[in-house]
Amino acid sequence: MMAPERWEVGGGYAEDSDAHVTPPSLREPDPGSTDASILARPVQGQPVLPADAAARPASPRVRRRTRLEGRRMSSPEERKVVEAVPKQLLIGGEWRDATGAATFVVEDPATGETLCEVADATPDDARAALDAAVAAQADWAATPPNDRSEILHRAFLALGEQADDLALLMTLEMGKAVAESKGEIAYAAEFFRWFSGEALRVDGYFKTAGNGQSRVLVMRQPVGPCYFITPWNFPNAMGTRKIGPAIAAGCTMVVKPAHQTPLSMLALAKVLEECGLPPGVLNVVTSTSSGDVSAPIIADPRLRKLSFTGSTEVGRKLIAQAADQVLRVSMELGGNAPFLVFEDADLDAAVDGAMLAKMRNVGEACTSANRFHVHESVAEEFGRRLAERMGAMRIGRGTDDGIEVGPLIDDKQQAKVAELVDDAVAKGATCLTGGRRPEGAGYFFEPTVLTGVTSDARVLSEEIFGPVAPIATFRTEDEAVRAANLTEYGLVSYVFTRDLTRALRVSEALETGMIGLNQGMVSNAGAPFGGVKQSGTGREGGNEGIAEYLETKYVAVNL
Ligand code: NAP
């Protein structure tokens, strides 16, 4: 592979380290990318909804053995990217059908149309995938760090080269605008770059014990075979955050993506295979029976680690299952991020930050600002400006030009968002903009700003996962911090103030694993991402990321 030219940091989710080298395809000027300058920009226009406006039947999203007739994709380019993805399970380096050749449907959430079918794994397939990971473990752990690092770096470059196709594929199965998907590919690739460096920095130490006689030798070794379960909202990046450090540390793995978005993970596996990842190191099982497929893997004493990104509800169940084998677990769970705007904040920056923290990924992010606590002296102005921006966003199929707000993932999510808005309004909130599901096909919801939200409204305590910004007011700093911490979640909070002392005081008081200080996004491969309280345990990215995949061994040396 050719050495990269000196590239600049890209747009979208690309991060703020000046050490980054980003392939050109990840940094093209990107009119819809998810950085603050884009989402903060007012865009005039009416909702652009799919032409097929007929109400779609309330059919279940997952159907077995659905025939392919009638599927429609609007362009040959879309068809091409879907066709290029393997639709089978990847086990021990072989792409193969599920036992019994069962398949399930992958749907375009913008239209409800079938994109394709993929293999629907059974518990037997899951066992076979773990067998393959176990069989590959010893050789992989013994593979030189230079080689592991090189594979990751090649994959980083390959994601850049294939960013356009991978982004289109992601949009087709997940819904968000292509520019946002491209931002996610850039973000996902950064984990491979980061961990390609980390592969070379796994260290230990040797020292003289306090008594001066014996010596202490400490070494770090790969944990062993891992099981990863990933969600649909960031179908590529939530994979690379786990796969990257596992490869770097010398662990093998089985990955199970969410049934809504298997294609991005299958495509990622193909990229890694093409970049030289040996058979069995990464195995992928796609399935509609998550619980049944996961249970035998988690119960198997050969598994050494479980890493999960998803809801707190499912995370709790998995922690309980993992207890039987006393498995190491990493849990990246739900959030309920407070967004605090103090009276001394730069209001322009706060609205820009709010656009990013709320509208990135159509609000379907664990880091999404879930509730806005704004000082009463600036709340009206903040709400007015936010409503103006959000109300001007263009809604439509994520593949169409200029679209900023794609559909939600499915009808269930759409109904939940509508229910939370209705509840808030019934309890006295006012809708400044949005508040409805647009007519027609797809699971769209209008960007919505609610003011006067009462403390008993569900929208303040439940994870919304949609484009809804509820605003509540506060009078004092203590009141703001108390309200922010009044949740079982603790992933991220956002603070906007120009007072440095207050910024640090409030940052110390907030019970979250991450804080966006005068900025609406915290995601960065070089920083430790993770939550406290019921938002989980463990960190992904940063210096801490690889530690999740290493065991510490101490040897007492008698000289
Ligand atoms: P989810 O319902 O918990 O699903 C996440 C994954 O778990 C999917 O692959 C799902 O597969 C699988 N799953 C569901 N039930 C399972 C079971 N009993 N056993 C094993 N696997 C099971 O979450 P989601 O709706 O996909 O994702 C949204 C949630 O993820 C939100 O709460 C969000 O905050 C959280 N999230 C957290 C982070 C973070 O870093 N903290 C990042 C992104 C998302 P199937 O759906 O195919 O069954």
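Check the entry above for the structure.
Here the structure is a predicted model, which means the values were calculated and not measured. (Residues numbered from 1 in each chain as written. Predicted model: local features only at pLDDT ≥ 70, side-chain atom pairs only at ≥ 80, totals over all residues. Heavy atoms only, no water.)

Caption draft 1: Representation of the sheet that holds strand E6 (residues 215–222). Taken together, three strands build an open sheet; the order of strands is E5-E6-E20 and the sheet is antiparallel. Bordering the open sheet on either side are strand E5 (205–208) and strand E20 (550–557), each of which pairs with just one other strand. Between one strand and the next, the sheet's axes are offset by a mean angle of 20 degrees, whatever the strand orientation. Bridging between E5 and E6 involves four bridges; their strand directions are antiparallel. In the strand pairing of E6, Thr208 is matched with Arg215. (Pairing = 2+ DSSP bridges. Helix = DSSP H or I, 4+ residues; strand = E, 2+ residues; numbered from the N terminus. Axes fitted to C-alpha atoms, helices over the stretch in contact; angles between N-to-C directions.)

Caption draft 2: Region of interest: the environment of Ser307. Along the chain, Ser307 falls in strand E10 (residues 305–309). Classification of Ser307 by relative accessible area gives buried; the value is 0%. Between the alpha carbons of Ser307 and Ile229 there is a distance of 6.6 Å; along the sequence they are 78 residues apart. In contact with Ser307, not counting residues within four places along its chain, are Tyr227, Phe228, Ile229, Lys242, Ser330, Glu540 and Tyr549. A polar contact is formed between the side chain of Ser307 and the side chain of Lys242, at a distance of 2.9 Å. (Buried < 20%, exposed > 50% of the residue type's maximum accessible area, 1.4 Å probe, protein only. Contact = heavy atoms within 4.5 Å. Polar contact = N/O pair within 3.5 Å; in protein donor to acceptor, adjacent residues only side chain to side chain.)

Caption draft 3: Quick look at the site of the ligand. Surveying the vicinity of the ligand reveals 30 residues, the closest of which are Thr230, His259, Ser290, Ser311 and Glu463. Between an oxygen atom of the ligand and a main-chain N or O atom of Ala258, the distance comes to 3.5 Å. Ser290 is positioned such that a nitrogen or oxygen atom in its side chain is 2.5 Å from an oxygen atom of the ligand. Against a free-state accessible area of 900 Å², the protein chains account for coverage of 87% of the ligand. At the level of secondary structure, the elements contributing two or more residues to the shell around the ligand comprise helix H7 (237–249), helix H9 (290–299), E10 and helix H10 (312–323). Residue contributions to the shell around the ligand peak at three residues, all from H9. Residues of the shell around the ligand, tallied by class, amount to 14 nonpolar, 12 polar and four charged. (Near = heavy atom within 4 Å. Areas by Shrake-Rupley, 256 points an atom, 1.4 Å probe, with all protein chains shown as cover. Nonpolar A, V, L, I, M, F, W, Y, C, P; charged D, E, K, R; others polar.)

Caption draft 4: Expanded view of the nonpolar core. If you look at the biggest cluster of nonpolar residues, it comprises 122 residues, and the most contacted ones within it are Ile243, Met253, Phe339 and Phe382. Setting aside anything within four residues of it in sequence, one finds Met253 in contact with Ala133, Cys226, Phe228, Ile243, Ala246, Ile247, Val281, Leu282 and Asn283. Core analysis: the next-biggest nonpolar cluster, separate from the first, contains 26 residues, Ala98, Ala129, Tyr227 and Ile297 among them. (Core = buried A, V, L, I, M, F, W, Y, C linked by side-chain atoms within 4.5 Å.)

Caption draft 5: Fine view of helix H3 (residues 123–142). With 20 residues, H3 extends 30 Å from end C-alpha to end C-alpha; this agrees with the ideal 28 Å at 1.5 Å per step. At Ala136, H3 shows its largest kink, close to 40 degrees. Of all the positions in H3, only Asp125, Ala126, Ala128, Ala129, Leu130, Ala132, Ala133, Ala136, Gln137 and Trp140 are classed as buried. (Expected span 1.5 Å × (residues − 1). Bend = angle between axes of the 7 residues up to and from the residue.)

Caption draft 6: Examining the side chain of Glu332 more closely. Along the chain, Glu332 turns up in strand E11 (residues 328–332). Here Glu332 occupies a buried position and makes no salt bridge, while the nearest side chain of opposite charge, Arg241, is found at 4.4 Å. Not counting the four nearest positions on each side in its chain, Glu332 is found in contact with Arg241, Lys242, Phe308, Thr309, Gly310, Phe529, Gly530, Gly531, Ser535, Gly538, Arg539 and Glu540. (Lys, Arg positive; Asp, Glu negative; His and termini not counted. Salt bridge = Lys/Arg side-chain N within 4 Å of Asp/Glu carboxyl O.)

Caption draft 7: View of the packing of aromatic side chains. Evaluation of the coordinates by the stated rule reveals nine aromatic pairs. Relative to Phe465, the ring of Trp232 lies with its centre 5.6 Å away and its plane at 85 degrees, an arrangement referred to as edge-to-face. Residue Trp232 is located in the loop between strand E7 (226–229) and H7, and its partner Phe465 is located in the loop between helix H14 (458–461) and strand E16 (468–474); the two are separated by 233 residues in the primary sequence. Ring centres of Phe339 and Phe372 lie 4.8 Å apart, and the angle between their planes is 45 degrees; on these two criteria the pair is classed as tilted. In this pair, Phe339 is assigned in strand E12 (residues 337–341) and Phe372 in strand E13 (residues 369–375), connecting sequence segments 33 residues apart. Of the two residues examined, Phe339 and Phe372, each falls in the buried class. What links up through ring pairs into an aromatic cluster is the set Phe339, Phe372, Phe382, Tyr494 and Phe496. (Phe/Tyr/Trp six-rings, centres within 6.5 Å; stacked < 30°, edge-to-face > 60°.)

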